[in-house]
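Analysis of the macromolecular model
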Amino acid sequence: MTFVFITDLESCAYEEERVLSTAIGSIAESNASLEKPQLIGQYMLFQDKASGRREPIFAESKLKYSYLHLPSKLEHVAYDLSAGYNKNINWSSAANVKLDEFLQWILRNRHKLPQSSNPAEKPLGTDFVTWRGVLTKLMVCNFVRDKWLVGATMFKGTIYLCPYYDTEESVNDYGNLFSYGGHRFENYITRTEPKKAQCDHFDAATKEEYSVVIKSKVQSSSGKISLLYAAEIDCLDTGKTQRDAADMENFVEIKTTRRMHHENQYRNFCKFKLIKWWAQSYLVGVPKIICGYKNDRHIVDSIEEMNVHRIPSQCSEFWSRRQCMNFLQQFLSFVQHIVTDDDPYRVYLFSNEVPNMISTRKLLNRSHFQILPEWYISELTKCTTKE
């Protein structure tokens, strides 16, 4: 497994640099939309947090689902999110990987991918391959000032987008506990069997992630951009069974946040957190979010069920679905315009280091930025040569 870290971006040699404006006014006029996300596959990932070992499971017969099991009353509960916490286990670095596991799924499941009009030149039949997390960052870019760095490589007509992370960024104990607490809350309110009453045994050092593979399109007056992306999903809704896992509307997302006591706290929640929750759910077609409100002692004392479709109107003072989708469409079009070398070893970097501006660098030396592993390049080349 390859971990991707960025320590000194300024030292990278590059051929050229271009910029894309992210100013709100420049994206308000078009009306981009997302075609209904379609589930085409799934896989699991077993993680040992203590050792860092990651083991993907692709056989559908071995997939395990979690099922929502809420208490009869959502108020006056007491779920301790710090129970079993070990500060020596890093819960904040799980995302520091490339596309490797998703690429393994792609090679095993090419028959499930969108049909290509030109299999030799574009065998995957999609414009982009990426994680949902990358698309989420792009959708909220105008409203949430988190810095990010994304690499792009075109190979056989498809552009692969990969996030990079910073090793210099130290993981503080509060942030680590926050990540652990989310996993702990999931354990309290989900079961591995639909009708199981008791909580499952909780192993504080391991985690099983269920991921879905989604195909969709961003549609606008300038055309359609096809997407293939993977996303971790929390659980099936109450009353659902394994047979219901074929429809994304039967899943829910699980979140936690600090209890709010002042109007300003609620406004910030709408401006900076709900937009991310909405974008994550919207991209995969999940209609419901279960939110646990925690106090300063990391204890969830109440739970709320949120309707994803109502969130944009709830937050309309601060952001809109239209603005988020318009910028996603604008960015993806910008990438298509910039990334013209169909070369698995060519990497373009996109970053939002400067406010209201995204810069791109065409690297001379791919070094540790290379997105596609050799085994993937070789196998996809071999498959398409046979065809």
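Our structure is the block above this text.
Attention here is on the structure that accompanies the text.

1. Here we look at helix α6 (residues 321-338)
Helix length check: α6 (18 residues) gives 26 Å between terminal C-alpha atoms against 26 Å at 1.5 Å per residue, within 8%. Taken as a whole, α6 has its buried residues at Gln 323, Cys 324, Met 325, Asn 326, Phe 327, Leu 328, Gln 329, Phe 331, Leu 332, Phe 334, Val 335 and Ile 338.

2. Focus on the pattern of salt bridges
It is possible for side chains of opposite charge to pair when their charged atoms get near one another. This structure, assessed with the given rule, holds 17 salt bridges. A salt bridge links Glu 208 to Lys 64; the nearest nitrogen and oxygen atoms lie 3.7 Å apart. Within this pair, whereas Glu 208 is found in strand β12 (residues 206-220), its partner Lys 64 is found in the loop between β5 (53-57) and β6 (67-68), the two being separated by 144 residues in sequence. A relative accessible area of 41% means that Glu 208 is categorised as partly exposed. The residue Glu 232 makes a salt bridge to Lys 207 at a minimum N-O spacing of 3.5 Å. With Glu 232 in strand β13 (residues 223-233) and Lys 207 in strand β12, this residue pair connects regions lying 25 residues apart in the sequence. When its relative accessible area of 14% is taken as the criterion, Lys 207 is described as buried.

3. Brief notes about the layout of surface pockets
In this model, the second largest pocket occupies a volume close to 540 Å³. What lines the second largest pocket is a set of 22 residues, and nearest its centre among them are Ser 66, His 183, Asn 187, Thr 192 and Glu 208. Secondary-structure elements contributing two or more residues to the lining of the second largest pocket are α3 (173-189), β11 (190-191), β12 and β13. Here the lining of the second largest pocket takes five residues from β12, the largest share from any one element. Counted by class, the lining of the second largest pocket contains five nonpolar, seven polar and 10 charged residues.

Conventions adopted
Residues numbered from 1 in each chain as written. Predicted model: local features only at pLDDT ≥ 70, side-chain atom pairs only at ≥ 80, totals over all residues. Heavy atoms only, no water. Helix = DSSP H or I, 4+ residues; strand = E, 2+ residues; numbered from the N terminus. Expected span 1.5 Å × (residues − 1). Buried < 20%, exposed > 50% of the residue type's maximum accessible area, 1.4 Å probe, protein only. Salt bridge = Lys/Arg side-chain N within 4 Å of Asp/Glu carboxyl O. 1 Å grid on protein atoms, 1.4 Å probe; cavity = no way out; pocket = protein on both sides within 12 Å on 5 of 7 lines; lining within 4 Å. Points joined across faces, edges and corners; volume = space filled by probe spheres on them. Nonpolar A, V, L, I, M, F, W, Y, C, P; charged D, E, K, R; others polar.

Geometry only, nothing functional implied.
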